[in-house]
Amino acid sequence: MMFSNKVSTIFTVLVAAAAAVSAAPSDVVRPPITSPKAGDVWTAGSTQLITWDTSSIANPTGETGLILLGTLKNGDEQLNANSPLALGFPISAGAVNVTVPAVPTGDDYIVALFGDSGNISPTFTITN
């Protein structure tokens, strides 16, 4: 009987903890990218400014960001996680300069901004 009371108590504590976690407010940082815009053209080797809207960041914390280059083909995102364009910058900054890598010319490039969630830009062109 004593064992079943302990199990029951542990179960009750776990259920209460799970309910508290699921009821906690969600502060997901997912600022929309404002640059590059659809149709922009970047040249490999150039420095470009990537910007995002920080107005949705209610309480700027020490959250840092990561920007990846990728492509968007037929709705399928392919991100190059092996070579970030930028990392470790404050997500509340709203902008970061990057050097455009040497990649094949194409008009289906995107950048993805990650804080604690990801957001992608519209497609743009990179030329050599």
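So, a few notes on the structure that sits alongside this text. The structure displayed is predicted, hence computed values, not measured ones. (Residues numbered from 1 in each chain as written. Predicted model: local features only at pLDDT ≥ 70, side-chain atom pairs only at ≥ 80, totals over all residues. Heavy atoms only, no water.)

**Things to note about the overall build of the chain**
Piece 1. Secondary structure summary: the chain contains 1 helix and 10 strands in total.
Piece 2. When its helices and strands are written in sequence order, the chain yields α-β-β-β-β-β-β-β-β-β-β.
Piece 3. Across the 128 residues that make up the chain, the buried fraction comes to 30%.
Piece 4. Summarising the internal contacts of the chain: among those between residues at least 6 apart in sequence, 64% fall at separations of at least 24.
Piece 5. In the structure as shown, the chain presents an accessible area of about 7700 Å², 58% of it carried by carbon and sulfur atoms. (Helix = DSSP H or I, 4+ residues; strand = E, 2+ residues; numbered from the N terminus. Buried < 20%, exposed > 50% of the residue type's maximum accessible area, 1.4 Å probe, protein only. Contact = heavy atoms within 4.5 Å. Areas by Shrake-Rupley, 256 points an atom, 1.4 Å probe, with all protein chains shown as cover.)

**Details of the nonpolar core**
Piece 1. With 20 residues, the main nonpolar core has Ile50, Ile67 and Val111 as its most contacted residues.
Piece 2. Going through the elements one at a time, strand 3 (47–52), strand 4 (64–73), strand 6 (86–90), strand 7 (95–99), strand 8 (106–114) and strand 10 (124–127) are the ones with two or more residues in this core.
Piece 3. Sorting elements by how many residues they give to this core places strand 8 first, with 3 residues.
Piece 4. Residues within four places of isoleucine 67 in sequence aside, it is in contact with Ile50, Trp52, Pro84, Leu85, Ala86, Phe89, Val96, Val111, Ala112 and Leu113. (Core = buried A, V, L, I, M, F, W, Y, C linked by side-chain atoms within 4.5 Å.)

**Some points on the side chain of asparagine 119**
Piece 1. Residue placement: asparagine 119 occurs in strand 9 (residues 118–120).
Piece 2. One polar contact links the side chain of asparagine 119 to the main-chain carbonyl oxygen of proline 31, over a distance of 2.9 Å.
Piece 3. With residues near it in sequence (within four places) discarded, asparagine 119 still touches Arg30, Pro31, Pro32, Ile33, Val111, Ala112 and Leu113. (Polar contact = N/O pair within 3.5 Å; in protein donor to acceptor, adjacent residues only side chain to side chain.)

**Looking at the pairing of strand 8**
Piece 1. For strand 8, the tally of buried residues reaches 7 of 9 residues, placing the bulk of the element in the interior.
Piece 2. Relative to strand 8, strand 4 runs antiparallel, the two being bridged by 6 bridges. The residue of strand 8 that forms the bridge with isoleucine 67 is leucine 113.
Piece 3. As judged from the 2 bridges shared by strand 8 and strand 10, these two strands associate in the antiparallel manner. Each residue of the ladder has a partner; that of tyrosine 109, found in strand 10, is phenylalanine 124.
Piece 4. As paired elements, strand 8 and strand 9 share 3 bridges and run antiparallel to each other. Paired with leucine 113 across the two strands is asparagine 119, which belongs to strand 9. (Pairing = 2+ DSSP bridges.)

**Side note on the sheet that holds strand 3**
Piece 1. Read from one edge to the other, the open sheet built from 3 strands follows the order 1-3-7, with strand pairing classed as antiparallel. The open sheet terminates on both sides in strands that have one partner only, identified here as strand 1 (33–35) and strand 7. In this sheet, adjacent strand axes meet at a mean angle of 30° when their direction is disregarded. (Axes fitted to C-alpha atoms, helices over the stretch in contact; angles between N-to-C directions.)

**Describing the side chain of threonine 125**
Piece 1. Within the secondary structure layout, threonine 125 lies in strand 10.
Piece 2. Contact partners of threonine 125, with chain neighbours within four places excluded, come to Asp40, Val41, Trp42, Gly106 and Asp107.

**Some points on the pairing of strand 4**
Piece 1. Direction of pairing for strand 4 relative to strand 6: antiparallel, over a ladder of 4 bridges. Within the sheet, the bridge partner assigned to glycine 65 lies in strand 6 and is phenylalanine 89.
Piece 2. The pairing of strand 4 with strand 5 (residues 76–79) spans 4 bridges and is antiparallel. Bridge pairing in strand 5 places lysine 73 opposite aspartate 76.
Piece 3. Taking the residues between adjacent antiparallel strands as the criterion, strand 4 and strand 5 are bridged by 2 residues, where asparagine 74 takes a positive phi near 55°.

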